[in-house]
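Architecture and fold: a report
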Amino acid sequence: MEAIRPSSDLRNHYSEISRQCHEERSPVIITVNGRGDTVILGLQDFYQMKSELELLRMLAGAEEDVVNGRVAPMKDTFDDIRKSLIERKNNEV
């Protein structure tokens, strides 16, 4: 669960906030004048969240392709990939 802290804590208690983000792996919401303004989270959690978001976007695109009939038999897809890899290998030589 995220913690909520005033912006003055960034200046006065940064190391505590950083430790909390890393050890508890939970975000800290920073408020300005009592309203949510910024979220701080550990770098590892940021990268994980970014990767998960990218995966969800790819899955949504794939689902859209299926709904709109933009699909091909799996065998054809793998054949195309193999052909592309062979061509790339031949071009490197």
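Starting afresh in each chain, residues are numbered from 1 along the sequence in its written order. In keeping with the predicted nature of the model, local features appear solely for residues at pLDDT of at least 70, side-chain atom pairs appear and are counted solely at 80 or more, and the whole-chain, interface and lining totals rest on all residues. Hydrogens and water molecules were not included; the side-chain quantities draw on all heavy atoms of the structure.

Focus: the pattern of salt bridges
Only one rule defines a salt bridge in this text: a Lys or Arg side-chain nitrogen within 4 Å of an Asp or Glu carboxyl oxygen. Enumeration according to the criterion identifies eight salt bridges in this entry. One salt bridge in this structure joins glutamate 64 and arginine 70, with 3.5 Å as the shortest N-O distance. Only protein chains enter the area calculation, which uses a 1.4 Å probe; residues under 20% of their type maximum are buried, those over 50% are exposed, and those in between are partly exposed. The partly exposed category is assigned to arginine 70, whose relative accessible area is 46%. The network of salt bridges with shared partners includes Arg5, Asp9 and Glu16.

Describing helix α2 (residues 14–23)
In this description a helix means any DSSP run of H or I spanning at least four residues, a strand means any run of E spanning at least two, and both kinds are numbered starting from the N terminus. Every buried residue of α2 is listed here: Ile17, Ser18, Gln20 and Cys21. Angularly, the buried residues of α2 cover 160 degrees about the axis, an arc narrow enough to put them on a single face. Pointing more than 90 degrees away from the buried face of α2 are the exposed residues Ser15 and Glu23. Contact between two residues is taken to exist if any of their heavy atoms lie within 4.5 Å; hydrogens are not considered. In this fold, the buried residues of α2 make contact with β1 (3–6), α1 (8–12), β2 (28–32), β3 (35–40) and α3 (43–67). The first or second residue beyond α2 is arginine 25, which carries a positive phi of 50 degrees. Here, the arc refers to the directions that run from the helix axis to the C-beta atoms.

Re the sheet that holds β2
If you walk across this open sheet you meet the three strands as β1-β2-β3, and the pairing is mixed. For this open sheet the edge positions go to β1 and β3, each flanked by a neighbour on one side alone. Strand-to-strand twist across the sheet, computed as the mean angle between neighbouring axes with direction ignored, equals 35 degrees. Where β1 meets β2, four bridges bridge the pair, whose relative direction is parallel. Its bridge partner being in β2, arginine 5 is matched across the sheet by isoleucine 30. Two strands qualify as a pair provided DSSP detects at least 2 bridges between them. Axis definition: a line fit to C-alpha positions, over the contact stretch in the case of helices; interaxial angles, taken between N-to-C directions, run 0 to 180 degrees.

Thoughts on the pairing of β2
In terms of strand pairing, β2 meets β3 through five bridges, oriented antiparallel. Note on β3: the bridge partner recorded for threonine 31 is glycine 36. Connecting the antiparallel pair β2 and β3 is a turn made up of two residues, with asparagine 33 showing a positive phi of about 55 degrees.

Remarks on the nonpolar core
Most often, soluble globular proteins have nonpolar side chains that are buried together. Joining through side-chain atoms within 4.5 Å is the link that ties buried Ala, Val, Leu, Ile, Met, Phe, Trp, Tyr and Cys residues into a set, and such a set is a nonpolar core. In terms of nonpolar packing, the biggest core is built from five residues, these being Ala3, Ile17, Cys21, Val28 and Ile30. Among the elements of the structure, α2 and β2 are those that each provide at least two residues to this core. Those residues in contact with alanine 3 that sit more than four places away from it in its chain are Gln20, Pro27, Val28 and Ile29.

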